[in-house]
Amino acid sequence: MGLTARVLAIDAGNSKTDVAIVTADGDVLATARGGGFRPPAVGVDTAMDALAETVTRALTASELTSVTHVSACLANADFPVEEERLTAALRARAWGETVAVRNDTFAILRAGVTEPRGVAVVCGAGINCVGMRPDGRTARFPALGRVSGDWGGGWGLSEEALWHASRAEDGRGAPTALARTLPAHFGLPSVHALVEALHLEHIPTPRRHELTPVLFATAAGGDPIARTIVERQAEEVVSMAVVALTRLDLLDEPAPVLLGGGVLAARHAQLNGHIEHLLTDRAPKAVPQVVTSSPVLGAALLGLDEVGPKEGAQERLRSYYGA
């Protein structure tokens, strides 16, 4: 299969989708970018139609109508039943002879390792963690937010910062500079004014994510409350990583722990430094590193793992993506 194999690699997140057509030699024949993939919000059929537009552009550019294998790393593929449903939907499109669907966090993990072995913690809008071994064993979490035991991510951090700032301003909580820095970011005089603006959507809801960098800047300035929130995020990252390493029997041997997503890729000194400190104590053989490579690279590498890449294919593919 490796002689003629071509992989359709899909990394479909909530905000954007990247697609690549890759040969078993690691050559990229075509790429395309589209909008987010959100089956829970719009339904599987509508989400697949939007994905099809992006895939069709890539296939057309590569002068192909189908490939050997479809490697799809998709947001909202959190439970096996969702993976099965999405696999069936992709098979119905007849883009490839075989199809493999994984949660999109696996793409970030595979992008950062030379073999499918290790753990990745992704902290972007939310937080998630997966792990894998070459024998096919995996570790993962539902990652549905607080309802599944998660804490943090950009959205959660901004909410936590607002909680402390509101209580500081009205007297229910301890003083914190967040009561000044958060509203000041939007040119407002008080937390009360900020909360009102968010509630009435004078400030669009998605802009709440802008408060997370303000939180980190306030923590870097020495504010105790802000620093506590940042340290709590580090604790959550390490907790997920250690559990995944333990499940995969990787805790007692050198293993990569990849840190990805906008919050971790920003390399905030306090957050990333505290993560490394905690890992040294709880998983001393873990090797943490920040991953900034395009996740579609990971989806493509997972596809090559399936079809049997030619010698040097991984290096050629990584070079294309500057990794």
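Further up the page is the structure itself.
Just so you know, these numbers come straight off a predicted model, no measurement behind them. (Residues numbered from 1 in each chain as written. Predicted model: local features only at pLDDT ≥ 70, side-chain atom pairs only at ≥ 80, totals over all residues. Heavy atoms only, no water.)

Trainee: Please give an account of helix α13 (residues 313–320) that cites residues and values.
Mentor: Among all positions in α13, only A313, Q314, L317 and R318 are buried. Summarising the axial view, the buried residues of α13 lie within an arc of 130 degrees, below the 170-degree limit, and thus occupy one face. Across from the buried face of α13, at angles greater than 90 degrees, the exposed residues are E315 and S319. Buried positions along α13 lie against β2 (16–23), β3 (28–35), α4 (105–111) and α12 (295–307). Looking at the residues trailing α13, positive phi occurs at G322, about 70 degrees. (Buried < 20%, exposed > 50% of the residue type's maximum accessible area, 1.4 Å probe, protein only. Helix = DSSP H or I, 4+ residues; strand = E, 2+ residues; numbered from the N terminus. Arc of directions from axis to C-beta. Contact = heavy atoms within 4.5 Å.)

Trainee: Mind laying out the packing of helix α5 (residues 153–170) against helix α9 (residues 224–247), listing which residues take part and the relevant values?
Mentor: Contact pair α5 / α9: the axes reach a minimum separation of 11 Å and the direction vectors enclose 150 degrees. Between α5 and α9, the angle falls in the class roughly antiparallel. As for how α5 packs across α9, the hand of that crossing is right-handed. Where α5 abuts α9, its residues G153, L157, E160, A161 and H164 lie against I225, I229 and Q233. Tallied by class, the residues present in the contact of α5 with α9 amount to four nonpolar, three polar and one charged. (Axes fitted to C-alpha atoms, helices over the stretch in contact; angles between N-to-C directions. Parallel < 35°, antiparallel > 145°, perpendicular 65-115°, else oblique. Left-handed = near helix turned anticlockwise from the far one by under 90°. Nonpolar A, V, L, I, M, F, W, Y, C, P; charged D, E, K, R; others polar.)

Trainee: Which residues make up the packing of aromatic side chains, and what values go with them?
Mentor: Following the criterion strictly, the structure yields one aromatic pair and no others. Arranged with centres 5.0 Å apart and planes meeting at 75 degrees, the rings of Y320 and Y321 form a pair that is edge-to-face. When the ring centre of W151 is taken as origin, the NZ or CZ atom of R232, which lies over that ring, is 4.2 Å away. The positively charged end of R247 is found above the aromatic ring belonging to F141, 4.8 Å away from the centroid. (Phe/Tyr/Trp six-rings, centres within 6.5 Å; stacked < 30°, edge-to-face > 60°. Lys NZ or Arg CZ within 6 Å of the ring centre and 35° of its normal.)

Trainee: Would you mind going over the sheet that holds strand β8 (residues 138–140) in detail, with residue names and values included?
Mentor: The strand order β8-β7-β6-β9-β10 describes an open sheet built from five strands, whose pairing is mixed. Both outer strands of the open sheet, β8 and β10 (286–290), are each paired with one neighbouring strand and no more. With strand direction ignored, the average angle separating the axes of adjacent strands in the sheet is 15 degrees. Inspection of the sheet shows strand β9 (residues 255–260) paired to β10 by five bridges, in the parallel sense. If you follow L259 over to β10, its bridge partner there is V290. (Pairing = 2+ DSSP bridges.)

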